[in-house]
Amino acid sequence: MAKSRVEKSLLSGNEALAYGALEAGLSFASAYPGTPSSEILETISCFSDVDSQWAVNEKVAFEVALSAAIGGVRSLYVSKHVGLNVAADPLMTSAYVGVNAGFVVVSCDDPGMHSSQNEQDNRYYSLMAKIPLIEPSSPQEARNFIIEAFKISERFDIPVLFRMTTRISHTKGIVRLGQRQEFKKKEFKIDPKKYVMVPKNAHLRHMDLVKRLERLKSFSNKTELNQIEWGSKSLGFITSGVSYLYAKEVYPNASFLKLGMSYPLPEEKVKLFKSKVKNIFVIEELEPFLESQIKALGIKVKGKDKSFSIGELKPEYISSIVKGENKKEKKSITRKPVMCPGCPHRSVFVALKKLKAIVAGDIGCYTLGASPPLSSLHSCLCMGAGVTFHEGFRHALTGKNNIVGVIGDSTFIHSGITGLINAVYNQVKGLIIILDNRTTAMTGLQNHPGTGKRIDGEKTVQLDLERLTAACGVDTVDVVDPYELDTMVKLISKRMNEDSLSVVIARRECMLISSCKNKAPKYVQDKCSKCGLCLEIDCPAIKKRDDGFIEIDKTICVGCNLCVDICNFNALVRNET
Amino acid sequence: MKPSLNILFVGTGGQGILKASEVAAIASVLDGFDVKKSELHGMSQRGGSVESHLRLGERVLAPIIPDSEADFIVGLNKQESKRVLHFLRKEGNNLTPYLNEALKECKDLRTLNICFLGILSSYLLIEDSNWVKAIKEVFKKSYHKINIEAFYLGKKLGGIE
């Protein structure tokens, strides 16, 4: 699979980054999947020269990858922007200890929140963790810059933050690749002063870090990652990432200071640029990260109105920014995403709606249970919060037994388990439902410990959710097939009202990987009362006709028969022939 | 000098929008164009709106099409097409009106996306052989024949035999 010879290919930014890392002599990579980052590790998993893994969560991924680098091999961490929050603890001390062999931290940010709960600007992590920041603007630069990132990491003995965004990760372009350069393993030396971060050692390492940052600052002024393109002396732009391409397209004749390494800021280059160009605009997506640093130097530049800090930047916004205008957004109503036909999550939400439950939700396909007409998921903050919000709600909403927490299988393993132990330890009563669809569905069907398969599909030890949750000390653990609606409703109702802490595992394979497909149910129109109950389950295969009757789209129906189970008039009948 | 062209593919999850733009991107590269193609994955794919921006030219900068600069809208769903109409240039071509005819003529609706590439190709100067090569690169061998047929059907609908 690995493209080892020099060639041109049409690659996404994520694929180009993976191939670039391969060229750089990458030896180990660890990640937790999340849009828009997932394809990076999926591509790397095809390279026989690299040991790659899905980690249980981002904190684990970060620590395993960093210590591999300390051990002497070039190593990579990858996650989406919010994933880096989970790894923020090791990140904040990583610059103190340094790396030995090169270690690059890839963060794929999602401006516009196409598939995320927030649009935090992870460039700020470089300031806080005191590590250099690299921002490519195209797939070719993702490949070129990742190779540089490894060199910088080693030269300055520091992790490098490599910030991608959705429009770079998921843009395909022509990319020129090169040969893999085998990396000579670095020797690991036992050095407690460097690797044991107790206060006395950490104090000295912090002083050393400040010195390394000074050297990085001077490097930032010299490196070709930061380039001046001279054009008009009356109009110039300081910009980075995909924003550079937008500004360049709209003002091709302006001068540009294009920052590939945007922290530490190349102060001398900024001053030189300012000395030659009259009007300078800082063009950047989301927060005024560059703008505020440049202004702090006492250099007069213009930024964007704060209305542009919300949502993605677009090429057509650039001239408005230059004119000093506010953002004028064209509103367009996009079709809302829905659970697939036959999705095993749907019936769980139908059951929860029936039982009028207050549902603490989590992050995954099942978050779609929040939108009408299902409307039966009532909170979603971050991964793991389905379990912990259940606990907080139980504390506050005393006297209510209808509080349920829901969480996916991969998400439970990621960060739900600690919340569950907390609930047991603090004697919370209630019900947690693990929506176990045997995959990490929303991010593209990745394996996890519960599937018993590694990133490359190879068999490994399978995590047993029943035994795990029982070992946490919950009172009861039940497994139920979500296709058995009545059984599930009865079980949830019983467990919800008991004076105990229960786990119900609603287990059925995601229909995108399941080979079990039944015939679409028969529709007996004469018996249909047009009550609309079957439309309330929000199945894309059931459509309302103009005459008020329904129609089943047989090309997408997988025969889950949930609509049969909820029809009170026998107008929908199982088709078992 | 290659001309600059912006093509916006739009439809709903499962219609093969991303596949179609992938084939068009590869055909364009084979024809000597620089390309950038941008789209979204993840949550938006669960039956929601799907949009893929394809830009061709001598050298392409921004990965997404600016407002009012699309030369073509390849729409496989009327509502979705209406939603993105603001992207179309004044003199641009909206290919969505071919939908009724394509739905009628297309033998296998799974190939509707490639049928639309045939329609698109009748407006462009990309060699047929490069379209066919691109189809073969994207699809498994067992799907080559029906997709190539769908491509030529589209070409006929687009006005060129």
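Residues numbered from 1 in each chain as written. Chains lettered and ligands numbered in written order. Predicted model: local features only at pLDDT ≥ 70, side-chain atom pairs only at ≥ 80, totals over all residues.

**Q** Mind laying out the overall build of chain A, listing which residues take part and the relevant values?
**A** Along chain A, the regular secondary structure elements total 20 helices and 22 strands. Taken over C-alpha atoms, the radius of gyration comes to 27 Å for chain A, in line with the 25 Å a tight globule of 577 residues would show. Projecting the C-alpha coordinates of chain A onto the three principal axes gives extents of approximately 80 × 60 × 50 Å. Put simply, chain A has 577 residues, and 53% of those count as buried. Long-range contacts, defined here as pairs at least 24 residues apart, represent 75% of the contacts in chain A between residues at least 6 apart. (Helix = DSSP H or I, 4+ residues; strand = E, 2+ residues; numbered from the N terminus. Rg over C-alpha atoms; globule rule 2.2 N^0.38 Å. Buried ≥ 20, exposed ≤ 12 C-beta atoms within 10 Å, placed from the backbone. Contact = placed C-beta atoms within 7 Å.)

**Q** How would you explain the overall build of chain B if you had to name every residue and give the values?
**A** Scanning chain B from N- to C-terminus turns up 6 helices and 5 strands. Taken from the N to the C terminus, the helices and strands of chain B come in the order β-α-β-β-β-α-β-α-α-α-α. With respect to the principal axes defined by its C-alpha atoms, chain B has extents near 35 × 35 × 30 Å. Within chain B, contacts between residues at least 6 apart in sequence are counted, and of these 66% link residues at least 24 apart.

**Q** Would you mind going over the sheet that holds strand β11 (residues 254-259) of chain A in detail, with residue names and values included?
**A** Residue and element names in this part refer to chain A. One open sheet holds the 4 strands; their spatial order is β9-β11-β10-β13, and the pairing between them is mixed. Since the sheet does not close on itself, it has two edges, and those belong to β9 (226-229) and β13 (279-283), each with one partner. Within the sheet, the average angular offset between the axes of one strand and its neighbour, ignoring direction, is 15°. On top of the sheet, helix α11 (residues 241-250) reaches β10 (232-240), β11 and β13; it is set at about 150° to β10, its chief contact. Relative to β10, helix α12 (residues 267-276) is tilted by about 155°, and along the sheet it contacts β9, β10, β11 and β13. (Pairing = 2+ DSSP bridges. Axes fitted to C-alpha atoms, helices over the stretch in contact; angles between N-to-C directions.)

**Q** So what's going on with the domain arrangement of chain A? Which residues, and what values?
**A** Residues and elements named next belong to chain A. Each domain of chain A was delimited in the assignment, giving domain 1 (7-222), domain 2 (226-323), domain 3 (344-507) and domain 4 (522-573). Centre-to-centre, using C-alpha coordinates, domain 3 lies 28 Å away from domain 4. Contact with domain 3, which involves 8 residues of that partner, is made by 8 residues of domain 4. Counting residues per element, the ones that place at least two in the side of domain 3 that touches domain 4 are α15 (344-354) and α19 (485-497). The greatest single-element share of the side of domain 3 that touches domain 4, amounting to 3 residues, is contributed by α15. Here the residues of the side of domain 3 that touches domain 4 are counted per class, giving 5 nonpolar, 1 polar and 2 charged. (Domains from an automatic or database assignment. Nonpolar A, V, L, I, M, F, W, Y, C, P; charged D, E, K, R; others polar.)

**Q** Go over the interface of chain A and chain B, please, and point to the residues and values.
**A** Listed by partner, the interface residues are 34 residues for chain A and 28 residues for chain B. Sort the elements by how many residues they give to the side of chain A that touches chain B and α11(A) lands first, with 5 residues. In this sheet, strand β2 (residues 34-39) of chain B lies alongside strand β8 (residues 171-177) of chain A in antiparallel orientation, the contact comprising 3 bridges. When the bridges of β2(B) are listed, Lys172(A) appears paired with Lys37(B).

**Q** Explain the pairing of β11(A) to me, and be specific about the residues and the numbers.
**A** All names here are of chain A. By the criterion of burial, β11 is predominantly enclosed, with 6 of the 6 residues buried. Burial of the side chains of β11 extends over both faces: Ala-254, Phe-256 and Lys-258 are buried on one face and Ser-255, Leu-257 and Leu-259 on the other. In the sheet, β9 pairs with β11 via 4 bridges, with the strands oriented antiparallel. Looking at the pairing, Ile-228 lines up with Leu-257 of β11. Sheet topology places β10 next to β11; 6 bridges connect them, and they run parallel. By the bridge assignment, Ser-232 is partnered in β11 with Ala-254.

**Q** Could you give me a rundown of unusual backbone geometry, with the residues and numbers involved?
**A** All names here are of chain A. Here the residue pair Tyr-263 and Pro-264 is connected by a cis peptide bond, since its omega of -5° sits within 30 degrees of zero. Along the polypeptide, Pro-264 turns up in the loop between β12 (261-263) and α12. Each neighbour pair has its own omega, and for Pro-372 with Pro-373 the value is 5°, a cis peptide bond. Here Pro-373 is to be found in the loop between β14 (358-360) and α16 (385-396). Even without a glycine there, the phi angle at Leu-286 is positive, about 65°. On the secondary structure map, Leu-286 appears in the loop between β13 and α13 (289-296). Despite not being glycine, Ser-375 shows a phi value in the positive range, around 45°. The residue Ser-375 is located in the loop between β14 and α16 in this model.

**Q** Kindly report on the nonpolar core, identifying the contributing residues and their values.
**A** Core analysis: the biggest nonpolar cluster contains 153 residues, and Ala65(A), Val106(A), Ile238(A), Leu8(B) and Phe116(B) have the highest contact counts within it. Of all the elements, helix α1 (residues 17-30) of chain B adds the most residues to this core, at 9 residues. Each of domain 1 (7-222) and domain 2 (226-323) of chain A accounts for three or more of the residues forming this core. Look past the residues within four positions of Ala65(A) in its chain and what remains in contact with it is Phe28(A), Ala29(A), Ser30(A), Ser75(A), Leu76(A), Tyr77(A) and Phe103(A). (Core = buried A, V, L, I, M, F, W, Y, C linked by C-beta atoms within 7 Å.)

**Q** Account for the sheet that holds strand β1 (residues 5-12) of chain B, naming residues and giving values.
**A** Strands pair in a sheet through their backbones, by hydrogen bonds, and they do so in one of two ways: parallel or antiparallel. Taken together, the 7 strands give an open sheet; going across it, the order is β1(A)-β8(A)-β2(B)-β3(B)-β1(B)-β4(B)-β5(B), and neighbouring strands pair in mixed fashion. Edge positions in the sheet fall to β1 (7-12) of chain A together with β5 (88-94) of chain B, since each of these pairs with one other strand and no more. Ignoring which end each strand starts from, the neighbouring axes of this sheet average 25° apart. In this structure, β1(B) lies alongside strand β3 (residues 49-57) of chain B, joined through 8 bridges in antiparallel fashion.

**Q** Could you give me a rundown of the environment of Phe103(A), with the residues and numbers involved?
**A** Mapped onto the secondary structure, Phe103(A) falls in strand β5 (residues 103-109). It is 7.6 Å that separates the C-alpha atoms of Phe103(A) and Ala65(A), two residues lying 38 residues apart in sequence.

**Q** Any details on the packing of α1(B) against helix α5 (residues 128-138) of chain B? Residues and values, ideally.
**A** What describes two packed helices is the angle between their axes and the distance between those same axes. Residues and elements named next belong to chain B. In the contact formed by α1 and α5, the axes pass within 8 Å of each other and the chain directions differ by 130°. By the angle between their directions, the pair α1 and α5 is classed as oblique. The two elements α1 and α5 cross, and the hand of that crossing is right-handed. The segment α1 lies against α5, with Lys-19, Glu-22, Val-23, Ile-26, Ala-27 and Leu-30 engaging Asn-130, Trp-131, Lys-133, Ala-134, Ile-135, Glu-137 and Val-138. Of the residues belonging to the contact of α1 with α5, the class tally is 8 nonpolar, 1 polar and 4 charged. (Parallel < 35°, antiparallel > 145°, perpendicular 65-115°, else oblique. Left-handed = near helix turned anticlockwise from the far one by under 90°.)

**Q** Please provide a residue-by-residue account of the confidence of the model for chain B, values included.
**A** On average, residues of chain B score 92 in pLDDT, and 94% of them reach the 70 mark or higher. Across the whole predicted complex the pTM is 0.95, and at the interface the ipTM reaches 0.94. (pLDDT = per-residue confidence, 0-100.)

**Q** Could you give me a rundown of the confidence of the model for chain A, with the residues and numbers involved?
**A** The pLDDT averaged across chain A works out to 95; a share of 99% of its residues lies at or above 70. Note on residues 1-5 of chain A: pLDDT under 50 across the span, and 11 contacts to partners over four residues away in sequence or across chains.

**Q** An account of helix α7 (residues 139-155) of chain A is requested, with residue identities and associated values reported.
**A** End to end, α7(A) covers 25 Å across 17 residues, agreeing with the expected 24 Å (1.5 Å per residue, within 8%). Most of α7(A) sits inside the fold, with 13 of its 17 residues counted as buried. (Expected span 1.5 Å × (residues − 1).)

**Q** An account of the pairing of strand β17 (residues 476-480) of chain A is requested, with residue identities and associated values reported.
**A** All names here are of chain A. Alignment of β17 against strand β18 (residues 501-507), held across 5 bridges, turns out to be parallel. Each residue of the ladder has a partner; that of Thr-476, found in β18, is Ser-502. Viewed along the sheet, the connection from β17 through α19 into β18 turns out right-handed. (Right-handed = clockwise from strand over helix to strand, strands pointing away.)

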